[in-house]
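Structural overview for review
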Amino acid sequence: MAVDEILIRGARQHNLKNVDLVIPRNRLVVITGVSGSGKSSLAFDTIFAEGQRRYVESLSAYARQFLEQMEKPDVDLIDGLSPAVSIEQKTVSRNPRSTVGTVTEIYDYLRVLFAGIGKPHCHQCGRPIKSQTVQEIADRISSLPERTKVVILAPLVTNRKGEHQKLLDHLRREGFIRARINGEIKDLDGSIHLDKKKKHSIEAVVDRLVVSDKIQNRLADSLELALGLSGGTVIALILEENRDLFFSERAVCHQCGISYPDPTPAMFSFNSPMGACPECEGLGVKAEVDPELVVPDPSLSIREGAMEPWANKNSIFHRQRLAAIARHFDFDLDTPFQKLPSEVRQALLFGTGDRKIDFELEAGGQKYAYRSPVEGAVNRLKRKYLESDSSSVRMEIERFMNKRACEACGGARLKKESLGFLVGGMNIHQVTRLTIQGCLDTLDSWDLDAVDRKIARRVLKEIKDRLSFLMDVGLEYLTLDRSSETLSGGESQRIRLATQIGSRLAGVLYVLDEPSIGLHQRDNRRLLNSLIQMRDLGNTILVVEHDQETILTADHVVDMGPGAGLNGGEVVFNGPPEGLLQCENSLTGKYLSGKLEIPLPDARREPKGALLIRGAEHHNLKSIDVDIPLGVFTCVTGVSGSGKSSLVVETLYPHLARQLYKSRETTGKVREIRGIQRVDKVVDIDQSPIGRTPRSNPATYTGLFTFIRDLFAQVPESRARGYKPGRFSFNVKGGRCEACQGDGVIKIEMHFLPDVYVTCDVCKGKRYNRETLQITYKGRNIAQVLDMTVNQAARFFEAVPNIRRKLQTLQDVGMGYVKLGQPATTLSGGEAQRIKLSKELSKRDTGNTFYILDEPTTGLHFDDIRKLLEMLNRLVDKGNTVLVIEHNLDVIKSADYVIDLGPEGGDRGGYVVACGTPEEICRTPESYTGLFLKSVLSPHRKAANL
């Protein structure tokens, strides 16, 4: 075997049919083919899995103890395998504390930068903070009210793990009697024992004083001792208020008396108690009672139940109080809430403060008069939530709560003291709010003095390098404070790709899963340049991809097929991309060469009305007005970061859901949306997983499994044994295998590596116990049915209408190759989305349903896209509306109407560039989408449509 080749012999993983293959090393290799043809089985489950297994084999004995449990891929031989790195579509993190800045380590370098050269400024008056002398500190303490009791403390340890026994012994020898340990003043006798695994703070008690004009000399001596002991810092504890005054010889605002400690990187971390805002604990948001949820429908009157928490209150006391409030403010309880004066709405929601009003109540024939302020519905819910110990009461109140930016830090996540340190006139939060492009431009514009420039030189280089790598993969529109959980699979994958580019490793095998997802055609070339750059360093780049430009740019192409599932698993073509275009057996080659194509519609449909969005300004949207036509197939397009998801997913959908279903989802800022009465149902089909555990699968999610369990319960043997449908569920005790609790796999925590799922030794992955598996229908038990593909099951259950109908919809969306019991954790985002689509298709539509899909072509081959378009057009032909966010040109050219946003991403996006038919978009010179769309629109279109 040549050293410049990867040799694979006898690969049989999943549906691979004893594949033999030679892949060149140090090349950009694309593995393509129809969905379910075995691309991921070859790239990830065979090549990468074997690379990972060999890596673990090279580790310590602790890691090798799990080696026997890590299944070896079903392959006879793989030679020439380099250390392998997998870059998949999985979201970086669901942790709300994780951001683009933390994931890329840029934020860690910024913390070091601000700790090194940050200039302290007072967070109240904004003045630069100057150092304090002993005399100034003494004057500040002496200015406290007469007779105030003060304890002078010398901070020695702050939030550090350890027993600190040597320090405590040293303090005793030096004559100190007491110390404040973790906020509590204790005698320094021999009984203090600290847990070495926990963090502790220790301050020596230097003196205890009562403020008067006779303590000046003693106070100055105590301060000098404390400052010398701590290295320049001292704390004055005011006993009556249990409040600390922090002083430093280095930094204080003489105007406000505010002092800062010496900056450390931990001070700028929102994941550390030293830097995190104490109100929101570093999250930047807090759950608050939302007035919009308290009054979900302002067109109703108070008597009609406009205020949701009061809607079911019918007590005489409550009605009399409302009547008294109405008399005081002179309004009618039958007036719609939105037409009430603002003063009345304010009082009903937030109360009257200290202002009291007259109440006159009647009970038991007696009249009672009293004066009291109005608490207001929002304030009352807040108070009850804080006071109640009942989980049911708190859950009820949480119905009216939403996450809002923390009032204390304004969403910055950090303490005011941390935000007071500036570099280039900006605090660290202001830097992270910038886009990648904006941050790079800002760092270049900073004019640092010679000393700061020398300190910051290496840190700034690391930050700029990482920012440049992110720009290289088309992510310049992201902000550093963007939460990782809001990133798409494609964005998170490109972030990891940028990290790998920065590592500049050579001799590595990189396996990527559709890196072009979420990228506009304009940005695709930059991504390809990044992959070529990694290849030129001496790496092998293995890409699972359907994108035409990526396939044609590759050095080598492996086409899997010829079909999906059992009809796939073979190598149809293996060679340079030019040869693929000539391959008669390749479906991919026929689409690339133009022998097959996705046809243009015969005519564009005419809308049946429109949803009128006015003044949308969520995120980067520039208060735009957009008309969404109804009864047609519409595409929202634009470069990455142009505002597509902000408009459709975060503004339009939640607004419709609120109006139609009384949903409590937060909506993006918009002035109004008109025409909602024309829609009676809205369905958002996104790419979030259909489940987060191996228990969830296509059969359970679509409801298909219920019918299958009912069928098995009706088998004569089941009835004789008294088995009910629950016997065939792997989610409850009875019929499932208890060793794995019905999962079929057991999770092994690897600690320093991703968790590994291994097959259960007892049931061998079948999920059920022996007795349950003895029940068969047409010769197959329940485990064998779950192991069928959708296509196999459709033939097997052909005589069962309920089951056949649901299986047909799965086939219609191109999911015939997926197994009924395939764990949700193994499904891609695109597969999960198509399973959701099939579930919706199996329901009865209203003819006025509004369907929203976000990049449904994820993971789809050209031929699968054709099938998807047939399904979407079938929905539209029934009178429904389909709105798709998409970059795929074949989908865009098939739409009746296109809304193109841009012109750029991030701050330079958020405008409507063009609206109209695909042909009209092509005639807009400012539209990047129109530029690429020209190449796929047939020149033979009828003149009437042009």
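What you see is a predicted model; the values in this text were computed from it and never measured. (Residues numbered from 1 in each chain as written. Predicted model: local features only at pLDDT ≥ 70, side-chain atom pairs only at ≥ 80, totals over all residues. Heavy atoms only, no water.)

**A few points about helix α29 (residues 801–812)**
Heads up, the rule is: Helix and strand assignments come from DSSP, with helices taken as H or I runs of at least 4 residues and strands as E runs of at least 2, each series counted from the N terminus. In this analysis, the expected span of each helix is defined as 1.5 Å times one less than the number of residues it contains. The buried label applies to any residue whose accessible area, calculated with a 1.4 Å probe on protein chains only, is under 20% of its type's maximum; exposed applies above 50%, and partly exposed to all values in between.
In this model, α29 (twelve residues) spans 16 Å end to end at C-alpha, consistent with the 16 Å of a helix rising 1.5 Å per residue. When α29 is considered as a whole, its buried residues turn out to be Ile803, Lys806, Leu807, Thr809, Leu810 and Asp812.

**Quick look at unusual backbone geometry**
Residues glycine 561 and proline 562 are joined by a peptide bond in cis, for which omega reads 0 degrees. Looking at the element boundaries, proline 562 is found in the loop between β20 (556–561) and β21 (570–575). Each neighbour pair has its own omega, and for glycine 902 with proline 903 the value is 0 degrees, a cis peptide bond. Within the secondary structure, proline 903 sits in the loop between β33 (897–902) and β34 (911–916). Backbone geometry places asparagine 242, a non-glycine residue, at a positive phi of 50 degrees. With respect to the secondary-structure elements, asparagine 242 resides in the loop between β11 (233–238) and β12 (243–248). Phi is positive for lysine 764, which is not a glycine, with a value near 60 degrees. Note on placement: lysine 764 falls in the loop between β28 (756–759) and α26 (770–773).

**A closer look at the pattern of salt bridges**
We count it as follows: Salt bridge criterion: a side-chain nitrogen from Lys or Arg within 4 Å of a carboxyl oxygen from Asp or Glu.
With the rule as written, the count across this model stands at 52 salt bridges. Glutamate 870 is the partner of arginine 866 in a salt bridge, and the nearest nitrogen-oxygen pair spans 3.0 Å. With a gap of four residues between them, arginine 866 and glutamate 870 both fall in helix α31 (residues 862–877), about one helical turn apart.

**What to know about the layout of surface pockets**
The condition is simple: Cavity and pocket criteria rest on a 1 Å grid covering protein atoms alone: a 1.4 Å probe that fits but cannot get out defines a cavity, protein on both sides within 12 Å along at least 5 of 7 lines defines an open pocket, and an atom within 4 Å of a point defines a lining residue. Grid points are joined across faces, edges and corners, and a volume is the space filled by probe spheres set on the points. Polar here means any residue other than Ala, Val, Leu, Ile, Met, Phe, Trp, Tyr, Cys and Pro, which are nonpolar, and Asp, Glu, Lys and Arg, which are charged; Gly is therefore polar.
Considered as a void within the structure, the second largest pocket measures approximately 1300 Å³ in volume. Broken down by secondary-structure element, the contributors of at least two residues to the lining of the second largest pocket are β7 (149–161), β10 (199–210), β11, β12 and α13 (416–419). A total of six residues in the lining of the second largest pocket trace back to one element, the largest contributor, which is β7. Split by residue class, the lining of the second largest pocket holds 18 nonpolar, 13 polar and eleven charged.

**Points about the environment of leucine 144**
To be explicit about the condition: Between two residues, a contact is recorded if the distance between any of their heavy atoms is within 4.5 Å.
When you line up the elements, leucine 144 lands in the loop between α5 (134–142) and β7. Among the residues examined, leucine 144 registers a relative accessible area of 11% and is labelled buried. With 157 residues separating them in the primary sequence, leucine 144 and serine 301 have C-alpha atoms 54 Å apart. With residues up to four places along the chain from it excluded, the contact list for leucine 144 reads Val150, Val211, Ile238 and Leu245.

**A word on the packing of helix α24 (residues 704–713) against α29**
What counts, and what does not: Axis lines are fitted to C-alpha atoms, over the contacting stretch for helices. Their N-to-C directions set the angle, which ranges from 0 to 180 degrees. For this classification, under 35 degrees means roughly parallel, over 145 means roughly antiparallel, 65 to 115 means roughly perpendicular, and everything else is oblique. The hand of a helix crossing depends on one turn: near helix anticlockwise from the far one by less than a right angle means left-handed, and clockwise means right-handed.
It is the contact of α24 with α29, at a shortest axis distance of 9 Å, that shows an interaxial angle of 150 degrees. The angle between α24 and α29 places the two elements in the roughly antiparallel class. Relative to α29, α24 is oriented so that their crossing is left-handed. Contact residues: α24 offers Leu704, Phe707, Ile708 and Leu711, while α29 offers Asn802, Ile803, Lys806 and Leu807. A class-by-class count of the residues in the contact of α24 with α29 yields six nonpolar, one polar and one charged.

**Examining the sheet that holds strand β4 (residues 75–79)**
As a reminder, the rule being used: Following DSSP output, two strands are said to pair if at least two bridges run between them.
If you trace the three strands from one edge of the open sheet to the other, you get β2-β1-β4, paired in antiparallel fashion. Each edge of the open sheet carries a strand with a single partner, namely β2 (19–24) and β4. Recorded for the sheet is a direction-independent mean angle of 5 degrees between the axes of neighbouring strands. Here four bridges tie strand β1 (residues 5–11) to β4, and the two strands are oriented antiparallel to one another. Among the inter-strand pairings, alanine 11 is bridged to a residue of β4, identified as valine 75. Those strands touched by helix α1 (residues 39–57) are β1, β2 and β4, and its axis lies near 70 degrees from that of β4.

**Looking at the pairing of β2**
The side chains of a regular strand alternate between both faces of the sheet. Residues Val19, Leu21 and Ile23 of β2 are buried on one face, while the alternating residues Asp20, Val22 and Pro24, pointing to the opposite face, are not. In terms of strand pairing, β1 meets β2 through five bridges, oriented antiparallel. When the sheet's bridge partners are listed, isoleucine 6 is paired in β2 with isoleucine 23.

**Comments concerning the packing of aromatic side chains**
Filter applied, for reference: Any pair of Phe, Tyr and Trp rings, taking the six-membered ring for Trp, is counted once the centres come within 6.5 Å. Such a pair is stacked with planes under 30 degrees apart, edge-to-face with planes over 60 apart, and tilted for the rest.
Evaluated as defined, the whole model comprises 14 aromatic pairs. Summarising the aromatic geometry, the rings of phenylalanine 712 and phenylalanine 728 are spaced 5.6 Å apart at their centres and angled 45 degrees between planes, so their arrangement reads as tilted. You can see phenylalanine 712 sitting in helix α24 and its partner phenylalanine 728 sitting in the loop between α25 (716–721) and β27 (745–748), a full 16 residues away along the chain. The same class applies to phenylalanine 712 as to phenylalanine 728, namely buried. For the ring pair tyrosine 777 and phenylalanine 796, a centre distance of 5.8 Å and an interplane angle of 85 degrees mean the geometry is edge-to-face. Placement of tyrosine 777 in strand β29 (residues 776–777) and of phenylalanine 796 in helix α28 (residues 790–796) is noted, with a sequence separation of 19 residues between them. Take phenylalanine 796: its relative accessible area is 12%, and that puts it in the buried class.

**Describing the sheet that holds strand β3 (residues 28–33)**
Judged by pairing direction, the sheet is mixed, and its six strands sit side by side in the order β5-β18-β19-β3-β20-β21 without closing on themselves. At either margin of the open sheet sits one strand with a lone partner, and together these are β5 (84–87) and β21. Across the sheet, the mean angle separating the axes of adjacent strands is 15 degrees when strand polarity is ignored. Two strands pair when backbone bridges link them, and β3 and strand β19 (residues 540–544) are joined in this way by four bridges, in the parallel orientation. Each residue of the ladder has a partner; that of valine 30, found in β19, is valine 543. Across the sheet, α1 is in contact with β3, β5, β18 (509–513), β19 and β20; its angle to β18 comes to roughly 145 degrees. This element, helix α18 (residues 521–536), spans β3, β18 and β19 of the sheet and lies at about 145 degrees to β19.

**Considering the packing of helix α15 (residues 436–445) against helix α16 (residues 450–472)**
The N-to-C vectors of α15 and α16 enclose an angle of 150 degrees; their axes lie 9 Å apart at closest approach. Between α15 and α16, the interaxial angle falls into the category roughly antiparallel. Crossing hand, α15 versus α16: left-handed. Between α15 and α16, the contacting residues are Ile436, Gln437, Cys439, Leu440, Leu443 and Asp444 on the first element and Leu460, Ile463, Lys464, Leu467, Ser468, Leu470 and Met471 on the second. Taken together, the residues that form the contact of α15 with α16 break down as nine nonpolar, two polar and two charged.

**Quick word on the nonpolar core**
Worth spelling out the cut-off: In this description, a nonpolar core means a group of buried Ala, Val, Leu, Ile, Met, Phe, Trp, Tyr and Cys residues linked to one another through side-chain atoms lying within 4.5 Å.
Counting 145 residues, the largest nonpolar core has Ile708 and Phe797 as its most contacted members. Those residues within four positions of isoleucine 708 in sequence are excluded, and the remaining contacts are Ile782, Val785, Phe797, Ile803 and Leu820. If you look at the next biggest cluster of nonpolar residues, it comprises 32 residues, including Val211, Ala236, Ile238 and Phe247.

**Regarding empty space enclosed by the protein**
The final tally for this structure, using the stated rule, is three cavities of 30 Å³ or more. Considering only enclosed or pocket space, the largest cavity measures out at about 90 Å³ in volume. Along the walls of the largest cavity sit Thr99, Gly101, Tyr107, Phe270, Ala412, Arg413, Leu414, Ile428, His429, Thr432, Leu480 and Asp481, which together make up its complete lining. Considering every element that reaches the lining of the largest cavity, the biggest residue donor is helix α14 (residues 428–432), with three residues. For the lining of the largest cavity, the residue count by class is six nonpolar, four polar and two charged.

**Here's the deal with the side chain of serine 696**
So the rule is basically this: Definition of a polar contact: a pair of N or O atoms within 3.5 Å, with one able to donate and the other able to accept a hydrogen when the atoms are protein atoms, and with sequence-neighbouring residues admitted only if both atoms are side-chain atoms.
By secondary structure assignment, the location of serine 696 is in the loop between β26 (681–685) and α23 (698–702). The class of serine 696 is buried, set by a relative accessible area of 14%. Here the side chain of serine 696 touches isoleucine 690 through a polar contact of 3.1 Å, landing on its backbone oxygen. What serine 696 contacts, discounting residues up to four positions off in sequence, is Ile690, Gly691, Gln822, Pro823 and Ala824.

**Observations regarding the environment of valine 626**
With respect to the helices and strands, valine 626 occurs in strand β23 (residues 624–629). With a relative accessible area of 1%, valine 626 lands in the buried category. Along the chain, valine 626 and alanine 154 lie 472 residues apart, while their C-alpha atoms are 63 Å from each other. Those residues in contact with valine 626, other than ones at most four positions away along the chain, are Leu611, Leu612, Ile613, Arg614, Leu647, Ile899 and Val912.

**Focus on the confidence of the model for the protein**
Close reading of the predicted structure is inappropriate where its pLDDT is low. Where we set the bar: The predictor's confidence in any single residue is recorded as pLDDT, a number from 0 to 100.
For the protein, per-residue confidence averages 88 on the pLDDT scale, and 96% of positions sit at 70 or higher. Low pLDDT (under 50) marks residues 940–946, which in the prediction has ten contacts with non-local residues, meaning those over four places away or in another chain.

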